[in-house]
Amino acid sequence: MTTATTVVDVHGLEKTYGKANERQYKALKDINFSVAEGEFVGIMGASGSGKTTLLNMLSTLDTPTKGDVIVNGHDVTKMRGNQLADFRAQEVGFIFQDFNLLESLTAEENIGLPLALKGTASKVMDQAIHEVAETLSIADLLQKYPAELSGGQKQRVAAARAIVHHPSILMGDEPTGALDSTSARELLDLLTTINQKQAMSVLLVTHDPFSASFCQRILFIKDGQIGSELKRGSQDRAAFYQQILNELGTFNE
Amino acid sequence: MLGKLALAGIKNRRRDYLVLLAGLTMSAAIFYMFANLATNRAFIKANAVVSQASLIFGFGAVLLILITVVYIMYANSFLLSMRQHDYGLFMMLGATRKRVGELVFLETLILGAIATAIGIGLGLLMSKFLVGFLLNMLGLHLAHLSAVYVPAIIATAVLYVGLFILASLFNLIRLTRTTVLKLLHSDEQANQPKVKPFRQLIQGTLGIVFLAIGYWALAAIKTLQMTAIPLALVTITLGTYLLFRATILVIIRGLRHTAWAKKHLNGFLLGQLNFRVHNYTRMLTIVSLLFAMALGAITVGSGYHKQLPMMAKTLGTYSIAIHDKTPAEQKLMDQLHVAYTATYTQKRQGKTVYYNADELAKQPVEQQRYKKSGQPEAHLYTQSLKAFKKSGTQDMNFMALALGKVGAYTPKILSAEQFAKQTGKTVTVTTIRVKDLQQDMKPLKQLNKLENQRFTPPTNMTVGSYQGYEMMNAFFGGLEFMGYFLGIAFLAMLASCLMFKILSGAPGDQRRYRMLYKVGVRQNLMRWGIAKEIGILFLIPGIMGVIDVLFGLQMFKPLMVAPMSPYLGIGSTFLIFIGLYVIYYLITLALYWRIVLPKTTTD
Ligand SMILES: Nc1ncnc2c1ncn2[C@@H]1O[C@H](COP(=O)(O)OP(=O)(O)O)[C@@H](O)[C@H]1O
Ligand SMILES: [Mg+2]
């Protein structure tokens, strides 16, 4: 069912909020799609369309009502307890809109957390942290605490934490949502670099056409269903951006 | 409008307010109970066997007031930490500082007034039932204790309302001095204290010096008299605080750079501790003092309780002496666990009491030795009749077998024939030494009562170790009771101090553990992490408290004559106390797990 080059494979995914005897709300309806290894895929939709819900299913933060989610060969819907935690710790890197950094730890300690959880030797850990810090140009920020960092810096630290342990996929839920336009652009460039240089698959959720224009492929989601799909192909980012805007025009009618 | 908003904010944190209110109420109730005991003149007069009794109660009251002041300061900072964010929000929404200030003032005062009122009510009820229960358990009688005592009510109300007015003012000043932004983000602020080696070293040394002064003051209570206590209290508090401040941070920093810190959640744990080290040092100081006082008070209390029978052993060679026993008395005597008993026939004539040599030879009189200091020893021996005639007849224990209105008769021993011829009032006396005074307390009490009804007991003198025990019990009863009472009071305050700390940290921790959950930390790892963090919060003051008590017991040495010692039998008391403490830790931990650990699916 999954070929070696598929990182995420979603089949007939459904999510209904609310218990059987309460008022129910179907947030996701029959979602099907896959992400190939090394791909940079965007999921785009208006607020409330079900993007976060979908990402939570993929990252095992929540369980689907129906359907299969296969990430890097693991059927995440069948996992329980520690398996789920270990899966999140090892297979996915996650960047959140609100950074999700621990304010009691320095940037370095925050970045090292996924490695610490794995029980990595401290020398190896230092090496990995400094490597990733170099890539994201935050080497001079390592000893600072989150409270001493700007939004853009915080998000770069969060990105470093998300990739330091080389997960099979990097997921971001509106990671630019809390950033100013310059910082947002820097972060998106970084994601592109990570995607290309480290051949890491990236799944980016956003409502913002500009952010989406950095992706290679975009899935449009509306009312919990995937409507259309756009591929960047060989066109440059500006042209793709225009295409997205056009698509949104028709998509939202 | 603002009032409504404030009310809504309070509603949202109902649980926290309930805990705060409960803690303050308990504290007020405890204070009332103690004030009732300490200031009730009729009660003190009736029980002041020891001239020091009122002094002891006065000292207890001062201690309780001091601790109450600290406790309310602590509760107040908890209140403020709960409300800061809301106040900041109000100001951001355009409420004037003055208006918000009024709100703060009123809120604190209303909360305080409610707590005081309920607390006094509760104190009345507890005085009625709890104190009686405690006294009963200890087998003590304290006369003239009434639950309702108006001066105590007034004292409690004045102290508490006064303290809350101060607290309100403090909150007002604090709030008007803090910027809106700081208020809004009060719970997210990184508080990263710097380590300055030189200053740290000075703090640490100073801390140890202060502690040493404090411990010395307690040991030297005989020379320092009443200045010892306040001196020790201040220096030990300061010393503990400085020591914690100097060492905890350094230890955390040191550990942070080790490889150990880079494993699993260890780094997170250290980060958490480092993050809150300032709040923690204050809290740990208070808790360690409360721990020490609770443990100390209970140790002293139970020390008296345990050592009295031991002491009583030396108070006489026999437990009780019965003259001309009645059938009712015989019945009671049959219930005793007898170690040694003897019955002698006396003939009393003039100022002399005659004994039959045959009886004395058959049932030799048990005697005790005396140390050079005049202290009796617990070890007993018997002599041959010849030797006894020479030296034993003058012993107090033997003399006390024949007491008249004028005093003791002079004993004289006659041969059986002479004794038969001797005229005089014939009395038979039975002496009984029981195996364990504590075990036979009930029948002994009744026997003593019956004996005293038939023969008016002598004043200023006790016959047998049971009477000695009874007198000592009354003598030290007040002290013992106060020990237990204060111990329980301090323990209750300690419990609620820790609860405040735990609850005020919970919202932030909830967020942090949710983040860890998202990053993929196993549930068990988080459980352990929490267990360690809270465990450290319990362990540090526990250790410090035990050290404080071990030194502090010196204070009671002058009050306890050998063979009593404040250190005797403290092991079991410590064990029970620590057991209670561990149980409290486990309960707190379970509670914290429930509040802080993320549910396994998002909601
Ligand atoms: N825990 C929940 N319970 C009930 N409804 C929810 C819950 N989480 C999200 N929803 C609903 O599901 C829909 C999709 O939400 P979400 O995935 O957060 O949207 P998006 O991230 O695209 O803005 C929304 O209508 C939202 O109200
Ligand atoms: Mg969302």
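Everything numeric here is computed off the predicted structure, so don't read it as measured data.

(A) Examining the pattern of salt bridges more closely. What the rule picks out here adds up to 20 salt bridges over all chains. A salt bridge links Arg511(B) to Glu103(A), with the shortest nitrogen-to-oxygen separation between them at 3.1 Å. Of this pair, Arg511(B) sits in helix α19 (residues 464-519) while Glu103(A) sits in the loop between β6 (92-95) and α3 (107-118), each in a different chain. Here Arg511(B) falls in the partly exposed class, since its relative accessible area comes to 31%. We note a salt bridge from Glu329(B) to Arg454(B), for which the minimum N-O separation is 2.7 Å. One end of the pair, Glu329(B), is in helix α13 (residues 327-334); the other, Arg454(B), is in helix α18 (residues 441-454), and 125 residues separate them in sequence. Bridged by salt links that share partners, the residues Glu39(A), Arg217(A), Glu229(A) and Lys231(A) form one connected network.

(B) Quick peek at empty space enclosed by the protein. Residue and element names in this part refer to chain A. Overall, the coordinates contain 5 cavities of 30 Å³ or more when judged by the stated rule. If you add up the space inside the largest cavity, you get close to 110 Å³. Top element by residues in the lining of the largest cavity is β6. It accounts for 3 residues. Each residue belonging to the lining of the largest cavity can be placed in one class, and the counts come to 7 nonpolar, 3 polar and 3 charged. One number sums up the size of the second largest cavity: a volume of about 90 Å³.

(C) Structural context of the packing of aromatic side chains. Applying the stated criterion across every chain yields a total of 15 aromatic pairs over all chains. Ring centres of Phe94(A) and Phe96(A) lie 4.5 Å apart, and the angle between their planes is 15 degrees; on these two criteria the pair is classed as stacked. Here the two residues Phe94(A) and Phe96(A) agree in accessibility, since each one is buried. Taken together, the ring pairs in this structure connect Phe291(B), Phe538(B), Phe577(B), Tyr581(B), Tyr584(B) and Tyr585(B) into an aromatic cluster. Arg88(A) extends its terminal NZ or CZ atom over the ring of Tyr517(B), reaching a point 4.3 Å from the ring centre. Arg527(B) extends its terminal NZ or CZ atom over the ring of Trp593(B), reaching a point 4.7 Å from the ring centre.

(D) Inspection of the sheet that holds strand β7 (residues 425-434) of chain B at higher detail. All names here are of chain B. Here 5 strands make up an open sheet; going across it, the order is β1-β7-β2-β3-β6 and the pairing mixed. Each edge of the open sheet carries a strand with a single partner, namely β1 (320-323) and β6 (410-414). Each adjacent strand pair in this sheet contributes to an overall mean axis angle of 30 degrees, direction not counted. Note that strand β2 (residues 338-349) and strand β3 (residues 352-356) share 4 bridges and pair antiparallel. Paired with Arg348 across the bridge in β3 is Val353.

(E) Region of interest: the interface of chain A and chain B. Taken together, the contacts link 31 residues of chain A with 31 residues of chain B. A buried area of about 2700 Å², summed over both sides, lies between chain A and chain B, and 56% of it is on carbon and sulfur atoms. Scanning the region where chain A abuts chain B turns up 5 salt bridges. Put simply, Arg256(B) and Glu109(A) hold a salt bridge, and the shortest N to O gap is 2.7 Å. The interface formed by chain A and chain B includes 10 residue pairs in polar contact (both at pLDDT 80 or more). Among the elements of the structure, α2 (81-90), α3 and α4 (122-135) of chain A are those that each provide at least two residues to the side of chain A that touches chain B. The element that contributes the greatest number of residues to the side of chain A that touches chain B is α2(A), accounting for 5 residues. Here the side of chain A that touches chain B is composed, by residue class, of 14 nonpolar, 10 polar and 7 charged.

(F) Local environment of the packing of helix α8 (residues 197-219) of chain B against helix α20 (residues 523-552) of chain B. All names here are of chain B. Axis separation between α8 and α20 bottoms out at 8 Å; the angle between their running directions is 40 degrees. For the element pair α8 / α20, the angle class is oblique. Within the contact between the two elements, α8 uses Leu211, Tyr215 and Leu218 and α20 uses Met544, Ile547, Asp548, Phe551 and Gly552. Residue composition of the contact of α8 with α20, grouped by class: 6 nonpolar, 1 polar and 1 charged.

How each quantity is defined
- The numbering scheme is per chain: residues are counted from 1 as the chain's sequence reads.
- Written order decides the labels, with chains lettered from A and ligands numbered from 1.
- Thresholds applied to this predicted model are a pLDDT of at least 70 for local features of residues and 80 or more for the giving and counting of side-chain atom pairs; totals over whole chains, interfaces and linings are not thresholded and use all residues.
- The side-chain values count all of the structure's non-hydrogen atoms but skip hydrogen atoms and water molecules.
- A pair is scored as a salt bridge if a Lys or Arg side-chain nitrogen falls within 4 Å of a carboxyl oxygen belonging to Asp or Glu.
- Think of it this way: any DSSP run of H or I at least four residues long counts as a helix, any run of E at least two long counts as a strand, and we number them from the N terminus.
- The classification of residues rests on relative accessible area computed with a 1.4 Å probe and restricted to protein chains. Under 20% of the type maximum is buried, over 50% is exposed, and intermediate values are partly exposed.
- Lining residues are those with an atom within 4 Å of a point, where the points come from a 1 Å grid over the protein atoms alone and group into cavities, where a 1.4 Å probe fits but cannot get out, or pockets, open sets with protein on both sides within 12 Å along at least five of seven lines.
- Grid points are joined across faces, edges and corners, and a volume is the space filled by probe spheres set on the points.
- Throughout, the ten residues Ala, Val, Leu, Ile, Met, Phe, Trp, Tyr, Cys and Pro are labelled nonpolar, Asp, Glu, Lys and Arg are labelled charged, and all others, Gly among them, are labelled polar.
- Side-chain rings of Phe, Tyr and Trp, where Trp is taken by its six-membered ring, are said to pair if the distance between their centres is within 6.5 Å; with planes under 30 degrees apart they count as stacked, over 60 as edge-to-face, and otherwise as tilted.
- Lysine NZ or arginine CZ positioned within 6 Å of the ring centre and within 35 degrees of the ring normal marks a charge as sitting over the ring.
- We call two strands paired when DSSP finds no fewer than two bridges between them.
- Whenever a helix is involved, its axis is fitted only over the stretch in contact; in every case the axis is a line through C-alpha atoms, and angles between N-to-C directions fall within 0 to 180 degrees.
- Residue contacts follow a heavy-atom distance rule, with two residues in contact if any of their heavy atoms lie within 4.5 Å.
- Buried area counts how much accessible surface, traced with a 1.4 Å probe, disappears from two parts once they are put together, with both parts' losses summed.
- Two N or O atoms form a polar contact when they lie within 3.5 Å of each other; inside protein one atom must be a possible hydrogen donor and the other a possible acceptor, and for residues adjacent in sequence the pair counts only when both atoms belong to side chains.
- When an angle is under 35 degrees it counts as roughly parallel; over 145 it counts as roughly antiparallel; between 65 and 115 it counts as roughly perpendicular; any other value is oblique.

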